[in-house]
Amino acid sequence: MKKYLLIAAAAVLSLAACSQTDSFTPAKETEITFSVINHLQQTKATEGLTYPTGVPFGTLAWWTEDYWENTENPQNFVFMDNEKILYKQLTDGGPYVWAPYSAYYWTKKGYITFASYSPYTTATDAGVDGFSEVPVYDVTKGFVFNAYTIVDDTDVDLMWGNLAENCQENTNDVLDNQLTGSTDSGFTGVPTIFNHALCQLNFAFRAIGRKNPNVSAIKIEITDVDILNIDKSGTFTQNDEIRWASVHSETADYDFTPEGTFELDLIENTADNLSSTANYTSLGVSRILLPQSLVNTGDDIGETTDQLLTVSYTVKTKYESAPDTWATEEITSVVRLNNGTLTSWLDNRNITYRISINPYSTVPVTFDPAVVAWAEETSGDVNLNENDE
């Protein structure tokens, strides 16, 4: 059965400092809520995507008496221990807000620092939703997702949030330590901006070439697209330069074949068309996958364990001599995903491979003319004297 995962392109969220005053007394029993701010980190875009209200996230938090400068471990006083944050009503008939499953209230003094991740998981969920254990936050390492595995037939968007440091009240402000371009989410609470821990993969195709004489039309139909030998398990460490350490021995294959017919008309092979990026057509299938280094060992393509792309397609040619009939050729091509220009997939990247298909070989038809040597043949002796007059 073909699997199709259509993934929203990006949503990001970082927990920000709420207040930097030295003393503050909130109103009595002010319940803690969260302000899920949206931001497109990849391009610093002004338009964000909405965090899905149906996906609870998890939060770790700790209380400090003094303003925390992020120079030592402040986690002695655990305020929230993997608390589930839900989109819910605090009172019957009240507005929906992001709030903990169990009610928490702001302290009258001191500071609270929050670290959030998504989606929420528990120890009993481990192995079902991709987590091997409940995520931990380390002051030096940041979030650590140990031995995380992409689960087949799912589109889990694993995300981590930057710290919301030294909070004292619900707010919807974004402070200097958060990502630029964030916008008001419409909620009031702990400012929260999530970053994608995984990557998203897409493909776009074009058919480009020149028609032979006596050919009236050419179409290319994509019939199957797969990627092979893809790492599916690794450990994420937020503060490492390369955040994912994957295990290339634990791999899977993924199907990107679109639903329905995916057909391309031939584009003329001109310099302008070749340089254009606007004439590719998206395959319409995306998958969230594990960031990883792409291997290029140089091994034989039929035997390698390098990450590969396989594309099966049909070249349909209509000759002027048979205007009502398509001549068809079925072809399968296999290439490495490390093509020399893209050597790795990084976290929080929406990656699109642009694929060009030429219906013909790149070798033009030429001729090697030769003349067959004359075959020697001789007659028997002809005697001209036999019939003299």
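Structure's up top.
Residues numbered from 1 in each chain as written. Predicted model: local features only at pLDDT ≥ 70, side-chain atom pairs only at ≥ 80, totals over all residues. Heavy atoms only, no water.

Just to check I follow, could you spell out the layout of surface pockets for this structure?
By volume, the largest pocket amounts to about 350 Å³. What lines the largest pocket is a set of 17 residues, among which Leu-309, Val-335, Arg-354, Ile-355 and Ser-356 lie closest to the centre. Of all the secondary structure elements, the ones that give two or more residues to the lining of the largest pocket are strand 21 (308–319), strand 22 (327–336) and strand 24 (350–357). Among the residues making up the lining of the largest pocket, the classes are represented as nine nonpolar, six polar and two charged. (1 Å grid on protein atoms, 1.4 Å probe; cavity = no way out; pocket = protein on both sides within 12 Å on 5 of 7 lines; lining within 4 Å. Points joined across faces, edges and corners; volume = space filled by probe spheres on them. Helix = DSSP H or I, 4+ residues; strand = E, 2+ residues; numbered from the N terminus. Nonpolar A, V, L, I, M, F, W, Y, C, P; charged D, E, K, R; others polar.)

Help me understand the sheet that holds strand 7 (residues 142–149) in this model?
The pairing of strands in a sheet comes from backbone hydrogen bonds and takes either a parallel or an antiparallel form. Overall, antiparallel pairing links the four strands, which are arranged 6-7-14-15 in an open sheet. Only two strands of the sheet have a single partner each, and these edge strands are strand 6 (136–138) and strand 15 (244–246). Across the sheet, the mean angle separating the axes of adjacent strands is 20° when strand polarity is ignored. Where strand 6 meets strand 7, three bridges bridge the pair, whose relative direction is antiparallel. Paired with Asp-138 across the strands is Gly-142, a residue of strand 7. (Pairing = 2+ DSSP bridges. Axes fitted to C-alpha atoms, helices over the stretch in contact; angles between N-to-C directions.)

Help me understand the pattern of salt bridges in this model?
Once their charged atoms are close, side chains differing in charge can pair, the charge on each being opposite to the other. Going through the model one piece at a time under the given rule, you end up with five salt bridges. Linking Arg-336 and Asp-306 is a salt bridge whose minimum nitrogen-to-oxygen distance equals 2.8 Å. Of the two residues, Arg-336 sits in strand 22 while Asp-306 sits in the loop between strand 20 (292–293) and strand 21, which places them 30 residues apart along the sequence. Summarising the burial analysis for this pair, Arg-336 and Asp-306 share the class buried. One salt-bridge network, held together by shared partners, links Glu-221, Glu-263 and Lys-316. (Salt bridge = Lys/Arg side-chain N within 4 Å of Asp/Glu carboxyl O. Buried < 20%, exposed > 50% of the residue type's maximum accessible area, 1.4 Å probe, protein only.)

Would you take a moment to explain the environment of Gly-340 for this structure?
Structurally, Gly-340 is set in the loop between strand 22 and strand 23 (344–345). According to the relative accessible area criterion, Gly-340 is exposed, its value standing at 59%. On a C-alpha basis, the gap between Gly-340 and Leu-294 in space is 9.8 Å, while along the polypeptide they are 46 residues apart.

Which parts of the structure should I look at to understand the side chain of His-196?
Mapping His-196 onto the fold places it in strand 11 (residues 194–196). Since its relative accessible area comes to 5%, His-196 is described here as buried. Of note is the side chain of His-196, whose polar atom sits 2.8 Å from the side chain of Asp-157. (Polar contact = N/O pair within 3.5 Å; in protein donor to acceptor, adjacent residues only side chain to side chain.)

Quick question: what am I supposed to make of the environment of Ile-85 here?
Tracing the backbone shows Ile-85 in strand 3 (residues 78–89). With near-sequence residues (within four places) excluded, Ile-85 lies in contact with Phe-34, Pro-56, Phe-57, Thr-59, Trp-98, Ala-99 and Pro-100. (Contact = heavy atoms within 4.5 Å.)

Please clarify how the nonpolar core should be interpreted in this entry.
Most often, soluble globular proteins have nonpolar side chains that are buried together. Counting 54 residues, the largest nonpolar core has Phe-145, Phe-203, Phe-205, Ile-227, Phe-256 and Trp-345 as its most contacted members. Residue contributions to this core peak at seven residues, all from strand 13 (residues 215–231). Those residues in contact with Phe-205, other than ones at most four positions away along the chain, are Ile-222, Val-225, Phe-262, Leu-264, Asn-279, Tyr-280, Thr-281, Leu-283, Val-311, Ile-355 and Ile-357. Among the nonpolar cores identified, the runner-up in size contains 19 residues, and Phe-34, Met-80, Tyr-104 and Met-159 belong to it. (Core = buried A, V, L, I, M, F, W, Y, C linked by side-chain atoms within 4.5 Å.)

Whenever I open this one, the packing of aromatic side chains confuses me. Can you help?
For any two aromatic rings, the description comes down to two numbers: the centre-to-centre distance and the angle of the planes. For the structure on display, the rule yields 28 aromatic pairs. Ring geometry for Phe-34 and Phe-57: centres 5.8 Å apart, planes at 80°, overall edge-to-face. Here Phe-34, found in strand 1 (residues 34–36), pairs with Phe-57, found in strand 2 (residues 57–64); they are 23 residues apart in sequence, far enough to count as distant. Pair check on accessibility: Phe-34 and Phe-57 agree, each one buried. The interplanar angle of 50° and the centroid separation of 5.4 Å between the aromatic rings of Tyr-87 and Trp-98 together place this pair among those described as tilted. (Phe/Tyr/Trp six-rings, centres within 6.5 Å; stacked < 30°, edge-to-face > 60°.)

Please explain the pairing of strand 13 as it appears in this structure.
Across the 17 residues that make up strand 13, a large majority, twelve, are buried. Pairing of strand 13 with strand 21, which is carried by twelve bridges, proceeds in the antiparallel orientation. Across the sheet, residue Ile-218 finds its bridge partner in strand 21, namely Thr-317.

What's the story with empty space enclosed by the protein in this structure? I'm lost.
To find leftover empty space, one rolls a probe the size of a water molecule over the atoms. Tallied over the entire structure, the rule returns two cavities of 30 Å³ or more. Reported here for the second largest cavity is a volume of approximately 40 Å³. Along the walls of the second largest cavity sit Tyr-148, Ile-150, Val-151, Thr-154, Val-156, Leu-198 and Ile-288, which together make up its complete lining. Looking at side-chain class alone, the lining of the second largest cavity contains six nonpolar, one polar and no charged residues.

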